[in-house]
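# What the coordinates show
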Amino acid sequence: MQSAGQEPRRSLGHSKRQEYYIEKTIHPRQFPAELIERLVLALTQTGDWGLDPFLGVGTSIIAAIRHERRRGGAEIVPRHIEIAKERINQEIDGT
């Protein structure tokens, strides 16, 4: 049981608050890449395709790139698309 005023934790052990994440963007609900990587590894094989219809800032594509999966996504917020493109290019370039 958690103490009064303590940050709630989700079932996989990460905090829901963005400021606890190592990498932060402007997206209010950005998932840690490590969490998405777990799902990518558990649910796909090398070379598999996946679709993220709520792409956000591209974390699922970054996880897919890291593990040799292919992925597509859709996002309606223009600023999130810009950030996703930047993050994906950085991952591809290794920067």
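Residues numbered from 1 in each chain as written. Predicted model: local features only at pLDDT ≥ 70, side-chain atom pairs only at ≥ 80, totals over all residues. Heavy atoms only, no water.

Attention now moves to helix H1 (residues 33-43). One turn of an α-helix holds 3.6 residues; hence residues three or four places apart share an orientation. Of the residues making up H1, those classed as buried are Ala 33, Leu 35, Ile 36, Glu 37 and Val 40. Contact partners of the buried residues in H1: helix H2 (59-66). (Buried < 20%, exposed > 50% of the residue type's maximum accessible area, 1.4 Å probe, protein only. Helix = DSSP H or I, 4+ residues; strand = E, 2+ residues; numbered from the N terminus. Contact = heavy atoms within 4.5 Å.)

Right, let's get into the pattern of salt bridges. A complete count under the given rule lists 3 salt bridges for this structure. Here Arg 66 and Glu 37 are joined by a salt bridge, their closest N and O atoms 2.8 Å apart. Note that Arg 66 is positioned in helix H2 and Glu 37 in helix H1, a separation of 29 residues in sequence. Given a relative accessible area of 37%, Arg 66 falls into the partly exposed group. (Salt bridge = Lys/Arg side-chain N within 4 Å of Asp/Glu carboxyl O.)

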